[in-house]
Amino acid sequence: NAGVTQTPKFRILKIGQSMTLQCTQDMNHNYMYWYRQDPGMGLKLIYYSVGAGITDKGEVPNGYNVSRSTTEDFPLRLELAAPSQTSVYFCASIFGPNEKLFFGSGTQLSVL
Amino acid sequence: AQTVTQSQPEMSVQEAETVTLSCTYDTSESDYYLFWYKQPPSRQMILVIRQEAYKQQNATENRFSVNFQKAAKSFSLKISDSQLGDAAMYFCAYRSYKGAQKLVFGQGTRLTINP
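Because the structure is a prediction, the values reported are computed rather than measured.

Engineer: Got a minute to help me understand the sheet that holds strand S8 (residues 76–78) of chain A in this structure?
Structural biologist: For sheets, the rule is that strands pair by backbone hydrogen bonds, running either parallel or antiparallel. Residues and elements named next belong to chain A. Here four strands make up an open sheet; going across it, the order is S1-S3-S8-S7 and the pairing antiparallel. Each edge of the open sheet is held by one strand with a lone partner, namely strand S1 (4–7) and strand S7 (64–66). In this sheet, adjacent strand axes meet at a mean angle of 20 degrees when their direction is disregarded. One ladder, built from four bridges, connects S1 with strand S3 (residues 19–25); its direction is antiparallel. Directly across from Thr-7, in S3, lies its bridge partner Gln-22.

Engineer: Mind showing me how you'd approach the nonpolar core here?
Structural biologist: Where a protein is soluble and globular, its nonpolar side chains tend to be buried together. In terms of nonpolar packing, the biggest core is built from 25 residues, with Tyr25(B), Trp36(B), Phe75(B), Leu77(B) and Tyr90(B) touching the most fellow members. Listing elements by their share of this core, those giving two or more residues are strand S3 (19–21), strand S5 (32–39), strand S6 (46–52), strand S8 (64–69), strand S9 (74–79), strand S10 (88–96) and strand S12 (109–114) of chain B. Considering each element in turn, this core owes the most residues, four residues, to S10(B). Among the nonpolar cores identified, the runner-up in size contains 22 residues, and Ala92(A), Tyr33(B), Met45(B) and Ala100(B) belong to it.

Definitions and cut-offs
Residues numbered from 1 in each chain as written. Chains lettered and ligands numbered in written order. Predicted model: local features only at pLDDT ≥ 70, side-chain atom pairs only at ≥ 80, totals over all residues. Heavy atoms only, no water. Pairing = 2+ DSSP bridges. Helix = DSSP H or I, 4+ residues; strand = E, 2+ residues; numbered from the N terminus. Axes fitted to C-alpha atoms, helices over the stretch in contact; angles between N-to-C directions. Core = buried A, V, L, I, M, F, W, Y, C linked by side-chain atoms within 4.5 Å. Buried < 20%, exposed > 50% of the residue type's maximum accessible area, 1.4 Å probe, protein only.

Structure (structure tokens):
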């Protein structure tokens, strides 16, 4: 039981490049989330999913895309990376209401 | 939409003393959860304490306790007998009972422990 696994842990991108941040969980959780955390700030919701095949925008979705083809995986796609996307990205998941939220260990992304 | 506000960007306390971190929130809902998370330099998100809005009794976890004032929409965290390992960023967060269980975070308070 690995919990929530994010890869990679660190990445440097050049402006205009694209990449996918991977997130997988082995707890059969229905709900999954992507947050970003800018330096010295709180976490802001990018996208979320309430089950396979269902995704929706959060507070800061511009520049990102997600998919949820399986219960386990919730990848985050960055298209045309910009310096404003330099941040730490967290994936999280929860089984349902009144349950504990599990966080991944985060991905530090720098766009130069 | 719900909002969470932490008005203290930084706090410091002497080791073994008590410190209180403030949090206010705005919501029109009556049923929700409130949380305090700790984020050390490792950037791991660690749940410190949780409060259900329907419970009048304030939650406690060892040296950590909260003062939950539902009418005032206030949710402060008290850390007693502060230890060097308590140094971290602390985030207050809100989650609705209903819907997609999304967490809304405050801006965070950086806590420094002085030996």
